[in-house]
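Residue-level structural notes
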Amino acid sequence: MKIAIIGGGAAGFFSAIAAKENYPNAEVLIIEKSNKLLSKVKVSGGGRCNLTNSVSSTKDLSSAYPRGRKELKKAFKIFNNKDVMEWFENRGVPLVIQSDNCVFPKSQNSQNIIN
Ligand SMILES: Cc1cc2nc3c(=O)[nH]c(=O)nc-3n(C[C@H](O)[C@H](O)[C@H](O)COP(=O)(O)OP(=O)(O)OC[C@H]3O[C@@H](n4cnc5c(N)ncnc54)[C@H](O)[C@@H]3O)c2cc1C
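Residues numbered from 1 in each chain as written. Predicted model: local features only at pLDDT ≥ 70, side-chain atom pairs only at ≥ 80, totals over all residues. Heavy atoms only, no water.

With respect to the site of the ligand
Inspection of the region around the ligand gives 14 residues, with Ala11, Glu32, Lys40, Gly45 and Asn50 positioned closest. Between Glu32 and the ligand, the recorded distance is 2.6 Å, taken from a side-chain N or O atom to an oxygen atom. Considered on its own, the ligand offers 1000 Å² of accessible surface; in the complex 53% of this is hidden by protein. Mapped by element, the contributors of at least two residues to the shell around the ligand are helix H1 (10-22) and helix H2 (39-47). With four residues, the top contributor of residues to the shell around the ligand is H2. When residues of the shell around the ligand are assigned to domains, at least three fall in each of domain 1 (1-37) and domain 2 (44-109). (Near = heavy atom within 4 Å. Polar contact = N/O pair within 3.5 Å; in protein donor to acceptor, adjacent residues only side chain to side chain. Areas by Shrake-Rupley, 256 points an atom, 1.4 Å probe, with all protein chains shown as cover. Helix = DSSP H or I, 4+ residues; strand = E, 2+ residues; numbered from the N terminus. Domains from an automatic or database assignment.)

Let's talk about the layout of surface pockets
One number sums up the size of the largest pocket: a volume of about 880 Å³. Forming the walls of the largest pocket are 33 residues, and the residues nearest its centre are Ala10, Phe14, Leu51, Val84 and Phe88. Tallied by class, residues from the lining of the largest pocket come to 23 nonpolar, nine polar and one charged. Each of two domains, domain 1 (1-37) and domain 2 (44-109), supplies a minimum of three residues to the lining of the largest pocket. Of the volumes computed, that of the second largest pocket is approximately 190 Å³. If you trace the second largest pocket, you find 13 residues lining it, with Gly8, Gly9, Glu32, Lys36 and Ser39 closest to the centre. Among the elements that make up the lining of the second largest pocket, the one with the highest residue count is H2 (three residues). Counted by class, the lining of the second largest pocket contains four nonpolar, five polar and four charged residues. (1 Å grid on protein atoms, 1.4 Å probe; cavity = no way out; pocket = protein on both sides within 12 Å on 5 of 7 lines; lining within 4 Å. Points joined across faces, edges and corners; volume = space filled by probe spheres on them. Nonpolar A, V, L, I, M, F, W, Y, C, P; charged D, E, K, R; others polar.)

Here you go:
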């Protein structure tokens, strides 16, 4: 199986990793139009990457996104902020939760997320 993903941003990379993990024999190709990969991730959160929020309910989480609340509520039942935190920690990225529930890499450096 060959899988082509258009765009080397956060969504593209996450999709590529998920595709490869679920279909190890697949040939996964990311096609990026610019000469920079994950450039928005690099600048996100002022260079620290606020990768998710630690609120405990998916209802609270989805209400933080007024324009896509309904759609996200469904998606968050499948993969939510806790899954995001687990995903990164299982891949060797320790995280910290701030008092305002914002979650960052412990390194305070978005490059760790990119790596
Ligand atoms: C300054 C700033 C700070 C931010 N801070 C945070 C934060 O702290 N926390 C947070 O969660 N989010 C933050 N965001 C938002 C977050 O960075 C984006 O939501 C996320 O990176 C979007 O990822 P994406 O893959 O959907 O899109 P993009 O990162 O835009 O990736 C899309 C990629 O596709 C490529 N592309 C487009 N069209 C084509 C084509 N036709 N062919 C090939 N390639 C194509 C583009 O060049 C790009 O590389 C921030 C954004 C900015 C700009």
